[in-house]
Number of protein chains: 2
Amino acid sequence: MDRETLIARRRRLLGDAPLFYDEPLHIVRGEGVWLYAADGRRYLDCYNNVPHVGHCHPRVVEALTRQAATLNVHTRYLHETILDYSERLLETLHESLSKVMYVCTGSEANDQALRIARHASGGRGIICTNLTYHGNTAAVDAISPLFYGRVTPHPDVRTIPYPDSYRPRDGLAGAALTEAYLAEVAAAIESFAQAGVPFAGLIVCSIFANEGLPDVPPGFMERASALVRAAGGLVIADEVQAGFGRTGQMWGYELMGFTPDIVTMGKPMGNGHPVAAVVARGELIDAFRRDVMYFNTFGGNPVSCAVAAAVLDVMEDEGLIEHARVTGDYVRERLGELAARDERIGDIRGHGLWIGVELVHDRGSREPATDLTRRVVNTMKERGILMNRIGEFDNVLKMRPPMPFAREHADLVVDALDEVLRAL
Amino acid sequence: MDRETLIARRRRLLGDAPLFYDEPLHIVRGEGVWLYAADGRRYLDCYNNVPHVGHCHPRVVEALTRQAATLNVHTRYLHETILDYSERLLETLHESLSKVMYVCTGSEANDQALRIARHASGGRGIICTNLTYHGNTAAVDAISPLFYGRVTPHPDVRTIPYPDSYRPRDGLAGAALTEAYLAEVAAAIESFAQAGVPFAGLIVCSIFANEGLPDVPPGFMERASALVRAAGGLVIADEVQAGFGRTGQMWGYELMGFTPDIVTMGKPMGNGHPVAAVVARGELIDAFRRDVMYFNTFGGNPVSCAVAAAVLDVMEDEGLIEHARVTGDYVRERLGELAARDERIGDIRGHGLWIGVELVHDRGSREPATDLTRRVVNTMKERGILMNRIGEFDNVLKMRPPMPFAREHADLVVDALDEVLRAL
């Protein structure tokens, strides 16, 4: 079936559901870091973080098949898989983060995290950044201003400017910049007090991914957490994009130097299988469980836990966290070579295999090159390389390939980007 | 590992997550209508509706494996599986219900249904019954009073008494009873108007499953829907428990004689794989898609759609809808024989393989035999048969086995129930 027919059929059945690229791709197969289209063409996948250990990793498929053929049922019977996995997962987190609740998606995880924070604090008011996206339930949509022009109308939500050191407030830098952003947190807390909205806490993506992976001013998250706690709130780290080693550390909060009260995780956790979780300080989970009848039919079932365990197995056996750190550094180093001869590469950011390249008209003005970025993404796709863009001005090339992405793939991407930038 | 050790480990890792039975079961394998415990004992499963076409059905496992080994990725690339499945699914629904949005759980489906109803109506106020449960997100929790003592504190929610003909209001019957319950709907709509809360709609489980499967007074849902629409609201049918043929018809709303504006579905859809959906009148989906950036990373991915398609294949090839109707009637007929000699069987209700048996002290008083029901459930478990209980007084035996449940299994259950009731 040709592309136009597929698009028309899709519109008839699904409405205007989002598609990537000016000319959408018809993908039929995935393997490792490669995606294959219906026309036989292959694409190097620099975009998809969900197939974390590689598209269709045979060990993950094997674990999925084995458990699905044995037992797939809810968690109100005893089962060892959920316990074995929970033990392994919790060992990777700060010791205070000691109990886990399973859900199926990052949106569900953040929705329950909000419920837990509001339950524990007795408050309602939540602070988030002005450019974040945490998911799609009604409650989570209220803390996801990304698609709403940087305003959020909900009375229980205050947004703060994301901590940005590339276009810093008032030209500040270092400790002064940290203070400036901390003042925003304090002002949001004060605003809730003024409005008579009891405070519940702060939620951030630990690496501010949708905000364009800014270099966060030093000490910001640790001190913001202290402000939040002093006001009776809880700190939620959304690790749905940051977690599971992509940054070169298991969790983004380690990289950012703070310890959250609640952590949410999802996307890469099951390599595409819908499994996600909320981990929190044990007493928060205990109190929530005591007062709230929470149950999730699919969450934490034996298949989900077997798949999630296989993902950890592959990460360990293939040394993927260290690999992400080393390979990501190599990509940034090679991008630095391009930047040395191209003024339009304004900034190269990120951690491990979470890579952001900010394109600008020139480094002096730092004026966002939004249209150039769009053309780069589409031209790279024409050359067989998939990436996307993020950030306040949609001018940050976003690369977060499956974790087995290697040096040879990095060379393909950077060489292609070099040629594309020269031609545009 | 023995049961006490597992329970202790579980409490340490998960907190006080719910478990079934006074002595929880340690289940390790499932096949068809049977579950197998770690001690080798097998249990006839009369409880689990999620493994819809039978535990670990080989055709479902095969579809899961094949697609998971080929491609598992989000829906922003074109893929035929989602289109083929959507076409088949929509063909089973009323022609006005013409577009579908995929999610991963029933909770997510109901959360999006509320968002769509509120978006389309411009209102906030939602009516639900006083004994319903629609899921666990913050928004859906507000319309799930089941676990909160029949009150719901949220200002945007009004509860109505569920339509009950076994203990009817004021001893009414027939058309007069229908009028009495319709007056409750009208009063809830009026209450929103008085409070200045713009009205958004009504949500019900089409067969009022958590309410104990009451015999709904004639014409109630059709006329309630008309009242809701006349007030500018939308009608949401929660088919997460009712749908996919268990009642002997594909959708519960067909059985109840009304046409909803929005339908949600989940549990049985993927035989345990986390896939769920919202289907609605096409213009509602179009308007929502136009104004709201909705995307679900896992929802509708090729694996979910391949699994859901395999479920429909098995349902068709094994004739499971007709089978559920015939077998359910047989179960109720055999239960009728028990009732003829046991006064404590107050009422036998349900549709197809959704079966409710209300236990009372005697038929004159209709006084709920709640403790007896608890003992029956636990004793049946000791005899190797799994069921549970529901209803306002937790005195309705709840049976909703995997759909391949056959006459021979029905005989095992009814004979055992006969002996258990005689002994208690």
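Residues numbered from 1 in each chain as written. Chains lettered and ligands numbered in written order. Predicted model: local features only at pLDDT ≥ 70, side-chain atom pairs only at ≥ 80, totals over all residues.

(A) Seen up close, the overall build of chain A. Scanning chain A from N- to C-terminus turns up 13 helices and 15 strands. For chain A, the C-alpha radius of gyration of 22 Å lies close to 22 Å, the compact-globule estimate for 424 residues. Summarising its shape, the C-alpha atoms of chain A cover approximately 60 × 60 × 45 Å along the three principal directions. Counting contacts in chain A only where the partners sit at least 6 residues apart, residues at least 24 apart contribute 74% of the total. (Helix = DSSP H or I, 4+ residues; strand = E, 2+ residues; numbered from the N terminus. Rg over C-alpha atoms; globule rule 2.2 N^0.38 Å. Contact = placed C-beta atoms within 7 Å.)

(B) Region of interest: the pairing of strand β7 (residues 199–205) of chain A. Residues and elements named next belong to chain A. Of all seven residues making up β7, seven are buried, and the element is well covered by its neighbours. Pairing geometry for strand β5 (residues 125–129) and β7, over three bridges, is parallel. From the neighbouring strand, G125 faces β7, where its bridge partner is F199. One ladder, built from five bridges, connects β7 with strand β8 (residues 234–238); its direction is parallel. Looking across to β8, one finds that C205 is bridged to D238. Handedness of the β-α-β unit built from β7, helix α7 (residues 220–230) and β8 comes out right-handed. (Buried ≥ 20, exposed ≤ 12 C-beta atoms within 10 Å, placed from the backbone. Pairing = 2+ DSSP bridges. Right-handed = clockwise from strand over helix to strand, strands pointing away.)

(C) Representation of the relation of the copies chain A and chain B. For these two chains of identical sequence, chain A goes onto chain B by a turn of 180 degrees and a shift of 0.0 Å along the axis, with RMSD 0.0 Å. What the superposition gives is, in effect, a two-fold axis relating one chain to the other. Measuring from the rotation axis to each C-alpha of chain A, the shortest distance belongs to A:T65, at 2.8 Å. (Least-squares fit on C-alpha atoms with pLDDT ≥ 70 in both.)

(D) Summary view of helix α9 (residues 282–291) of chain A. When α9(A) is considered as a whole, its buried residues turn out to be A:L284, A:I285 and A:F288. Projected down its long axis, α9(A) carries its buried residues within an arc of 95 degrees, all on one side. (Arc of directions from axis to C-beta.)

(E) Molecular detail of the sheet that holds strand β13 (residues 385–386) of chain A. All names here are of chain A. Taken in spatial order, the four strands line up as β1-β2-β3-β13 in an open sheet, and their pairing is mixed. The outermost strands of the open sheet, each flanked by one partner alone, are β1 (27–31) and β13. Note: strand β3 (residues 42–45) against β13, two bridges, orientation parallel. Across the sheet, L44 pairs through a bridge with I385, a residue of β13.

(F) Representation of the sheet that holds strand β8 (residues 234–238) of chain B. All names here are of chain B. Pairing is mixed across the open sheet formed by seven strands, whose spatial order is β4-β10-β9-β8-β7-β5-β6. Each edge of the open sheet is held by one strand with a lone partner, namely β4 (97–103) and β6 (157–160). Ignoring strand direction, the axes of neighbouring strands in this sheet form an average angle of 20 degrees. Sheet strands touched by helix α4 (residues 106–121): β4, β5 (125–129), β7 (199–205), β8, β9 (262–265) and β10 (276–281). Its angle to β10, the strand with the most contacts, is close to 25 degrees. This element, helix α6 (residues 174–195), spans β5, β6 and β7 of the sheet and lies at about 160 degrees to β6. (Axes fitted to C-alpha atoms, helices over the stretch in contact; angles between N-to-C directions.)

(G) Expanded view of the environment of A:I7. Residues and elements named next belong to chain A. By the element assignment, I7 lies in helix α1 (residues 3–14). In this structure I7 comes out as partly exposed when scored by C-beta crowding, with 15 C-beta atoms within 10 Å. With 190 residues separating them along the chain, I7 and V197 place their C-alpha atoms 46 Å apart.

(H) Quick look at the domain arrangement of chain A. Residues and elements named next belong to chain A. Segmentation of chain A into domains returns domain 1 (59–317) and domain 2 (319–416). Each of domain 1 and domain 2 was reduced to a C-alpha centroid, and the two centroids are 26 Å apart. Across the boundary between the two partners, domain 1 contributes 17 residues, which contact 21 residues of domain 2. Among the residues forming the side of domain 1 that touches domain 2, the class breakdown is nine nonpolar, five polar and three charged. (Domains from an automatic or database assignment. Nonpolar A, V, L, I, M, F, W, Y, C, P; charged D, E, K, R; others polar.)

(I) Summary view of the interface of chain A and chain B. Taken together, the contact between chain A and chain B spans 73 residues of the former and 73 residues of the latter. Of all the secondary structure elements, the ones that give two or more residues to the side of chain A that touches chain B are α1, β1, α2 (58–68), α3 (80–91), β4 (97–103), α4 (106–121), α5 (138–141) and α9 of chain A.

(J) Seen up close, the pairing of β5(B). Residue and element names in this part refer to chain B. Extensive coverage of β5 is indicated by the burial of five of its five residues. Neither face of β5 is open: one carries G125, I127 and T129, the other I126 and C128, and all of them are buried. In this structure, β5 lies alongside β6, joined through four bridges in parallel fashion. The partner of T129 across the bridge, within β6, is I160.

(K) Spatial organisation of the packing of helix α12 (residues 370–382) of chain A against helix α13 (residues 407–423) of chain A. Residue and element names in this part refer to chain A. The geometry of α12 relative to α13 is characterised by a closest axis approach of 10 Å and an angle of 125 degrees between their N-to-C directions. Here α13 runs oblique to α12, going by the angle between their axes. You can see that α12 and α13 cross each other, and the crossing is right-handed. Listed contacts from α13 to V376, T379 and M380 of α12 are A416, L417, V420 and L421. (Parallel < 35°, antiparallel > 145°, perpendicular 65-115°, else oblique. Left-handed = near helix turned anticlockwise from the far one by under 90°.)

(L) Looking closely at α1(A). Across its 12 residues, α1(A) extends 16 Å between first and last C-alpha, which sits within 8% of the 16 Å expected from 1.5 Å per residue. Residues of α1(A) that are buried include every one of A:R10, A:L13 and A:L14, and no others. Down the axis of α1(A), the buried set is contained in an arc of 75 degrees. They therefore lie on one face. In α1(A), the exposed positions that point more than 90 degrees away from the buried face belong to A:E4, A:T5 and A:A8. Contacts from the buried residues of α1(A) go to α3 (80–91) and β4 of chain B. Where α1(A) terminates, the next one or two residues include A:G15, which has phi positive at roughly 75 degrees. (Expected span 1.5 Å × (residues − 1).)

(M) Local environment of unusual backbone geometry. Positive phi values are uncommon outside glycine, yet A:L213 reaches one of about 55 degrees. Relative to the helices and strands, A:L213 is located in the loop between β7 and α7. Assessed through the 28 C-beta atoms surrounding it within 10 Å, A:L213 is described here as buried. Although it is not a glycine, B:Y21 adopts a positive phi angle of roughly 75 degrees.

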